[in-house]
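A closer look at the structure
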Amino acid sequence: MNFLEERIRKDGIVKPGHILKVDSFLNHQMDIALLDEIGREFKRRFSDVPVTKVLTIEASGIAIAYPVAREFGVPMVFAKKSKSINIEGEMYVAEVESFTHKNKNQVIVSKKFLSPDDHVLIIDDFLANGCALQGLISITESAGATVEGLGIAVEKGFQIGGKIIRNLGYRLESLAIVDAMDPETGAITFREQP
Ligand code: 5GP
């Protein structure tokens, strides 16, 4: 087990509805040493690609993307959730359905912060059905920038997102892949990874 799998097993809570709660260390209270380790691990895994920007989505992606951007020495940009419609022209826009809240949001990134010269590493905390990642890919490609890879802290391997993103041909690295979890017993099964 790697450091994140160990921590999930220790402090993660399995909720009904395929939700894994990690709010004591990852996305409400944050363990800064753990986040720093996540940053170093993504730098190691993507050390062979040129990265000029790290892109994520608010809110909980920001905490993961920050240490990654620091390791690469590049800016971090986060897509903002917006209800505003008067944004055509200055913004890249994608529609993202929230897995946890079941509503749809437009997410936006200012055209000032992504350009065709950019090589983008997309980072998020969770991968479930893949809507958030597909929105971020769409924004990156609208800018004419290159998606160099996608890094996820926790992929729920029993949901469809990972398969969709890999089938599209993107390089996706997940630090922990949960293949099964049981809300009754709290048991979590991780996928073996090299
Ligand atoms: P997707 O777009 O892949 O369906 O869902 C990814 C987004 O939903 C992530 O940005 C994350 O914030 C949220 N999410 C999905 N599944 C979970 C989960 O089991 N636990 C938590 N805390 N967030 C989740």
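Residues numbered from 1 in each chain as written. Predicted model: local features only at pLDDT ≥ 70, side-chain atom pairs only at ≥ 80, totals over all residues. Heavy atoms only, no water.

Here's the deal with unusual backbone geometry
Of note, the amide linkage connecting Glu58 to Ala59 takes the cis form, showing an omega dihedral of 0 degrees. If you trace the backbone, Ala59 turns up in the loop between β3 (53–57) and α3 (61–72). Backbone geometry places His18, a non-glycine residue, at a positive phi of 60 degrees. Here Lys102, not a glycine, exhibits a phi torsion of approximately 60 degrees, which is positive. Structurally, the position occupied by Lys102 is in the loop between β5 (91–97) and β6 (104–110). (Helix = DSSP H or I, 4+ residues; strand = E, 2+ residues; numbered from the N terminus.)

A closer look at the site of the ligand
Within the structure, the ligand sits among 17 residues, and Ala128, Asn129, Gly130, Ala132 and Lys156 are positioned closest to it. In this structure, an oxygen atom belonging to the ligand sits 3.4 Å away from a side-chain N or O atom of Asp125. Against a free-state accessible area of 510 Å², the protein chains account for coverage of 89% of the ligand. At the level of secondary structure, the elements contributing two or more residues to the shell around the ligand comprise β2 (19–21), β7 (119–127) and α4 (131–142). With four residues, the single largest contributor to the shell around the ligand is β7. When the residues that make up the shell around the ligand are grouped by side-chain class, the tally is eight nonpolar, six polar and three charged. (Near = heavy atom within 4 Å. Polar contact = N/O pair within 3.5 Å; in protein donor to acceptor, adjacent residues only side chain to side chain. Areas by Shrake-Rupley, 256 points an atom, 1.4 Å probe, with all protein chains shown as cover. Nonpolar A, V, L, I, M, F, W, Y, C, P; charged D, E, K, R; others polar.)

A few points about the sheet that holds β3
Think of a sheet as strands paired side by side through backbone hydrogen bonds, with each pair either parallel or antiparallel. Within the open sheet, the eight strands sit side by side as β5-β6-β4-β3-β7-β8-β9-β10. Their pairing is mixed. The open sheet is flanked by β5 and β10 (188–190), the only strands paired with a single partner. Taking each pair of neighbouring strands and ignoring which way they run, the sheet shows an average axis angle of 30 degrees. Two elements, β5 and β6, share seven bridges in a ladder whose sense is antiparallel. Residue Tyr92 lies in a different strand from β6, and its bridge partner there is Val109. Strands β7, β8 (146–156) and β9 (172–181) of the sheet are contacted by helix α2 (residues 32–45), whose axis makes an angle of about 115 degrees with β9. Contacting β3, β4 (76–82), β7 and β8, α3 runs over the sheet at an angle of about 145 degrees to β7. (Pairing = 2+ DSSP bridges. Axes fitted to C-alpha atoms, helices over the stretch in contact; angles between N-to-C directions. Contact = heavy atoms within 4.5 Å.)

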